[in-house]
Amino acid sequence: MMETEPVYFRGDTTPKPLGTLQESLLRRPWRALLACLLLILVCGAGLIRVEKDPSVDAFVPGDHPAAINRDIAEQLFGLEDPVIIGLTVPEGETVFTPARLSALREIDIAVRQIDGVKKNDVISLASQNAISGNDGDLVVDPIVEAGLLSNADAGTARARFQSMPMLAGLLASEDERLISVIVPVEDPNKALATVEAISVLANESASGLFDVQIAGVAAMNARLSEMVDHDTKIFVPAAVVTVLLILFLALRSPAAAFGPFLVIAGSAAMAIGMMGWLGSHYYLITTALPVVIMAIGVADSLHISTYYLRARREDVELSALQATRFALDKAKLPVTLTSVTTIAAFIGLSFGAAMKPISEFGLFAALGVAAAWLLSLVLLPSILILTDLRPSQKALNKEARKNRVDAMVGAITIAVFKKPMRALAAVLVLVSLLASFALQAEFDYERQRYFTAADPVRQADQEINTRLGGVNFLDVVVSSETAGGLMTPKALVDIQGLRAQIGGLPRVAKVSGIDEYISLMHQVLTGAPAGSLPDAARAPGQYMFLYEASAPPEDFKKEIDFDHSRALIRAQLDTDNYRQTLPVVDQVEDILSAWQAESGLTADISGRVAVNDGWMSLLAQNHFRGLGLAIALVFLSTVLVFRSLKYAALSMVPVLVGIVSVYATMGLFGIDIAPATSMTAAIATGLGIDFGIHLISLVKRQHEAGAFGINAFRGGYDIVARACFYSAIALGVALAVICISSAPPLRWFGFLVSVGAIGSLVGALVIVPAIWSIGAKVTEGGKTHVVA
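Values in this document were obtained by computation on a predicted structure and should not be read as measured data.

About the thresholds
- Residues numbered from 1 in each chain as written.
- Predicted model: local features only at pLDDT ≥ 70, side-chain atom pairs only at ≥ 80, totals over all residues.
- Heavy atoms only, no water.
- Patch = residues over 30% accessible without salt bridge, like charges linked within 9 Å, V, L, I, M, F, W, Y side chains within 5 Å.
- Areas by Shrake-Rupley, 256 points an atom, 1.4 Å probe, with all protein chains shown as cover.
- Salt bridge = Lys/Arg side-chain N within 4 Å of Asp/Glu carboxyl O.
- Helix = DSSP H or I, 4+ residues; strand = E, 2+ residues; numbered from the N terminus.
- Pairing = 2+ DSSP bridges.
- Contact = heavy atoms within 4.5 Å.
- Axes fitted to C-alpha atoms, helices over the stretch in contact; angles between N-to-C directions.
- Buried < 20%, exposed > 50% of the residue type's maximum accessible area, 1.4 Å probe, protein only.
- Phe/Tyr/Trp six-rings, centres within 6.5 Å; stacked < 30°, edge-to-face > 60°.
- Lys NZ or Arg CZ within 6 Å of the ring centre and 35° of its normal.

A.B. asks: Which parts of the structure should I look at to understand a nonpolar patch on the surface?
C.D. replies: Taken together, W30, L34, L37 and L386 make up a surface patch of nonpolar side chains, about 400 Å² in accessible area. It is helix α2 (residues 29–44) that contributes the most residues to the nonpolar patch, 3 residues altogether. Note that L34 resides in helix α2.

Listed below in structure tokens is the structure:
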């Protein structure tokens, strides 16, 4: 890189003896190779046992109150995240025609026969009844009559629907352009086949009559499952091609790329295979894990291969065994140290995360880093020896000319070393600017953002929510200590009042409850004003008895349980955006606290919106704790590595540049801090520390060998800096592969980690020589000495 005596190579191609175990492995490369391949095979066999879980509920701890209340509501009222079939008609037309209502009835009946559907819980206008009165008698009629429908029957269906206002905005839109079928499924997190069957059925039955929209949480989970399969099939091959290209550019030889590639692929297979053996699931964010491990694995193998090839270029008489010894002598320690610090970062992420998918991502990423370290020190040396890898003549000719990367690094180093204060001032200004953007990053989540704007499931969700006013459910389970305790005038008035309070909150489109049905029965039986409730003590129970005498008692199973001690109040919100629903959930909790004290009843919040709020709030509470733990463990590991607080602190400064770059990118582009993106800063910490450790280890070692000031950055510095440069490029480009994901959050994940890695590299190339230069204050005998 610079015209000075290289400290590492000339006269230094006889390394110190390696450890007994490593020397034994080098002398028996076939044994080492076979042992590594066997280990990869055994661990990788677990790949066939890995199960997918793309659901958002995977992020919710089972003991979280929102999750517990959700499970209780599901058991009591049969509620579950459903598939929602939206059947829409053009502007100016109505769904209430004989042909369209017949198609609705056909879908309602047929969908119950699909495997995975809770057939007794499907609801639509074709399965609902209307309440009316006839000379003091309670009359219950099906909204859609059986048999062949006439225009008069369609008109009757419209009138009956209009007489049941609690159904508007759920089973049909008020403009009569959308009608829906709510289809609960057995497991909304594993319903891909069920959703596909529902879609086929709906489209066949509605052909020529409706435009079909398939949405709902279960449908979105099924789409996410498809995306996981699709992305995995694309990510791994694309990452492999990318990594191979980077290795070829860095090592200038296809043969030289073979060993590092086996290390990279093997470490990824071992980590993901261990997921299968340990019974862990493959979540949406896990899709990026193989790419992350492969990108990290580039660094270790690249440093060793670079030293090996340089040694054989410097001394053509060296054997493969001697060159491998030399490479391990120079690279084994920094590779081990950087692996330790990267593992520390992922362990910090794992233990600091309150969510299982994030915790497992950190754990298995740490295993992948450990595997890459092991294979780099055992498998790669064996391959180098067995293949007797030599630099090609083309590579030797290129080496004879000044390398562009070396020249760039050299120019940066000299410029920074000459004017360190200016360099640090520039970094400070840049970091300050980045910090201003970083402060704009916010925690947020919206299910639609997991899909592109053109994705059919997102478009269907938007259409259904727009037409119905909102189908994002926030539930409240009201309980009485005694059977029949909710069928009293006071309890019903209290429930009605609670509904009214919730209905007055922003983002709430409508709120339904059992009091609406009792009020309607009171109105048609007595002629009382709409919305009024009976005040006679036994009237509510008598109304329910009359209804059950005319229709199945399970008609109200989603509103109240059979002993009338627990009832459901369901609010429909026009969005599930976390930042917009959070204040609504907080206000509902405040309302419930005061309401319980006044009514003597208990109320627990539940529903999809509450669950989302619960796990996102948990993420926000633990995010910086996890990042802080990752930073602390990395710093502690670095202190142990260098046995010096000063060197450890210097190594961490570039890392902080990378972290700030991540959050600045979030703020600048409006990227949410959500499950996938919340890990990026901690991952960038583990990746970014490598550059500082490699560079500082080299400079420190050269300084101890007698090179002072700028001379400490000569000789082998170009090798290490070049390897760091290509490692960062490999990280950045390989992780950028994730940007081709069909899921926007994964795109942002890849982009953000790439930004963090590049930011840390730039910080290391500028900050390390600048700080070192400032420390050079003692001059003796014409040589600049560094105060260490």
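From this point on, the discussion continues.
A.B. asks: Looking at this model, I keep getting lost on the sheet that holds strand β2 (residues 83–88). Mind explaining?
C.D. replies: Paired through backbone hydrogen bonds, the strands of a sheet run either parallel or antiparallel to each other. Taken together, 4 strands build an open sheet; the order of strands is β3-β6-β2-β7 and the sheet is antiparallel. This sheet does not close on itself; its edge strands, each paired only once, are β3 (123–124) and β7 (211–215). Sheet analysis places β2 next to strand β6 (residues 178–183), joined by 6 bridges and oriented antiparallel. Residue pairing in the sheet places G86 in a bridge with S180 of β6. Seen against the sheet, helix α15 (residues 456–468) touches β2, β6 and β7 and runs at an angle of roughly 100° to β7.

A.B. asks: Explanation requested: the pattern of salt bridges in the structure shown.
C.D. replies: Oppositely charged side chains can pair when the atoms bearing their charge come close. Considering all chains together, one arrives at 30 salt bridges under this definition. Its salt-bridge partner being E442, residue R579 comes within 3.4 Å of it at the nearest N-O pair. Here E442 lies in the loop between α14 (420–438) and α15 and R579 lies in helix α19 (residues 578–599), a separation of 137 residues in the sequence. Two residues, D475 and R570, come together in a salt bridge whose shortest N-O distance is 2.8 Å. Pair noted here: D475 is in strand β9 (residues 472–479) and R570 is in strand β11 (residues 566–573), with a separation of 95 residues, a long-range link. When sorted by exposure, D475 lands in the same class as R570, which is buried.

A.B. asks: Just to check I follow, could you spell out the packing of aromatic side chains for this structure?
C.D. replies: Remark: the centre distance and the inter-plane angle together describe each pair of aromatic rings, the angle taken between the planes. Under the defined criterion, the tally for this structure stands at 15 aromatic pairs. Considering the side-chain rings of F96 and F161, the 5.6 Å spacing of their centres and the 35° angle between planes classify their relative orientation as tilted. Of the two residues, F96 is situated in the loop between β2 and α4 (98–111) and F161 in helix α5 (residues 151–162); the sequence distance between them amounts to 65 residues. Given a relative accessible area of 4%, F96 falls into the buried group. With a relative accessible area of 5%, F161 lands in the buried category. Over the ring of F473 we find R570; its NZ or CZ atom is 4.0 Å from the centre of that ring.

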